[in-house]
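# Chains, contacts and geometry: an overview
Below are the chains, spelled out letter by letter.
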Amino acid sequence: MTSTFLRDAMVQRLGQARTDQNPGPFPRDGLVRNLHGDFTPMMCGGISALLLQMLHPLALAGIWDHSRFREDMIGRLRRTSDFIATTSFGTFEQAEAAIARVRRVHEYVKGHAADGRAYAADDPDLLVWVHVAEMSRFLAAHLRYRNPHLSHAQQDLYFFETACIAEALGARNVPDSRAAVEDYLARIRRELVCDERTKEVIEVLLDAPPRNLVLRPAGALFMRAGIDLLPDWAGEMLELRMSRLQRQAVRTGIKGAMPMISKAVRSGAYRRTLERLQQK
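Scoring rules and cut-offs
- Residues numbered from 1 in each chain as written.
- Predicted model: local features only at pLDDT ≥ 70, side-chain atom pairs only at ≥ 80, totals over all residues.
- Heavy atoms only, no water.
- Salt bridge = Lys/Arg side-chain N within 4 Å of Asp/Glu carboxyl O.
- Helix = DSSP H or I, 4+ residues; strand = E, 2+ residues; numbered from the N terminus.
- Buried < 20%, exposed > 50% of the residue type's maximum accessible area, 1.4 Å probe, protein only.
- Phe/Tyr/Trp six-rings, centres within 6.5 Å; stacked < 30°, edge-to-face > 60°.
- Lys NZ or Arg CZ within 6 Å of the ring centre and 35° of its normal.
- Axes fitted to C-alpha atoms, helices over the stretch in contact; angles between N-to-C directions.
- Left-handed = near helix turned anticlockwise from the far one by under 90°.
- Contact = heavy atoms within 4.5 Å.
- Nonpolar A, V, L, I, M, F, W, Y, C, P; charged D, E, K, R; others polar.
- Polar contact = N/O pair within 3.5 Å; in protein donor to acceptor, adjacent residues only side chain to side chain.

## Re the pattern of salt bridges
If the charged atoms of two oppositely charged side chains come close together, the side chains can form a pair. This structure, assessed with the given rule, holds 15 salt bridges. R144 is the partner of D228 in a salt bridge, and the nearest nitrogen-oxygen pair spans 3.0 Å. Of this pair, D228 sits in helix α11 (residues 216-228) while R144 sits in helix α7 (residues 124-145); the two residues are 84 residues apart in sequence, bridging distant segments of the chain. The exposure class of D228 is buried, given its relative accessible area of 2%. For R144, a relative accessible area of 28% gives the class partly exposed. In this structure, a network of salt bridges that share partners links the residues R144, D228, R247 and R251.

Below you can see the structure in the form of structure tokens.
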């Protein structure tokens, strides 16, 4: 039997599951699909989100203890991309199945962090952190590389609508507006740490080559763009500092490479996922 985590979250948040408008969670021509279907900003934002997530000791511990990050860091990014694509573009059945799979995996991701604290991937507070890191960096990338004039109301709508995915995964009290996200990030900073484990994971991520041979020359540029999208305080904590000239060079490089990258990923995994889901 298909789970109803997402439908229940949407009914609670929106008053309905929106099946009258769309076979999936988000409208076909809506903001979420438009933003999440844009490969280059999403890739830059995804890298930035993973960098940011590693500052939380409990999120880091889950990666350290329960993943093969040293051998397959790009695989982790791919799996995250698949989940985002499925929950953004799939039918309710596909999205529910993806959420149920993640919830099952989370049941086994438990342990103790380096400081001795217990952690669990299905901890509602930890789920909020992972969600906010992702959505805030996806939006930051969209504003930088696609539409810097997106209205504050539309930005609030993006956070409001995507919160249902985190809630379906088990998160509670999810920040669902620009102001709420900014306040949350300001409050959680005192809990964040950059230690030797953090630096090792970050080093593995920044050195991981893209599987797509065509994208390998752009790989370093993506990584630098991810660093550039970090909040200034996070870049300082991670000791990933960039000069103004370096930032400008990265931004110019990404904008110039976007048409080439779009052509290169037409047969890539993310694009194939989107095409498969949109045919349903």
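Having put the structure on the table, let's press on.
## Let's talk about the packing of aromatic side chains
Geometry of an aromatic ring pair is reported as the spacing of the ring centres plus the angle between the planes. The full count for this structure, using the stated rule, is two aromatic pairs. Here the aromatic rings of F39 and F222 are separated by 6.4 Å at their centres, their planes lie at 80 degrees, and the arrangement is edge-to-face. Placement of F39 in helix α3 (residues 39-53) and of F222 in helix α11 is noted, with a sequence separation of 183 residues between them. In this structure F39 comes out as buried when scored by relative accessible area, which is 11%. The cationic tip of R13 hangs over the ring face of F160; the distance from NZ or CZ to the ring centre is 4.7 Å. Cation over ring: R103 sits above F5, and NZ or CZ is 3.7 Å from the ring centre.

## Considerations on the packing of α3 against helix α5 (residues 69-89)
It is at 11 Å that the axes of α3 and α5 come closest, and there the two elements cross at 115 degrees. Between α3 and α5 the crossing geometry is right-handed. Of the residues in α5, those touching α3 at M42, G46, I47, L50 and Q53 are M73, R76, L77 and I84. Its residues assigned to classes, the contact of α3 with α5 comprises six nonpolar, two polar and one charged.

## Re the side chain of Q155
Secondary-structure assignment places Q155 in helix α8 (residues 152-169). Of the residues examined, Q155 reaches a relative accessible area of 8% and is grouped as buried. Within the structure, Q155 has its side chain in polar contact with the backbone oxygen of L150 (distance 2.9 Å). Side chain to side chain, Q155 and R178 meet in a polar contact 3.1 Å long. Ignoring anything within four residues of it in the chain, the contact list for Q155 reads L139, L143, L150 and R178.

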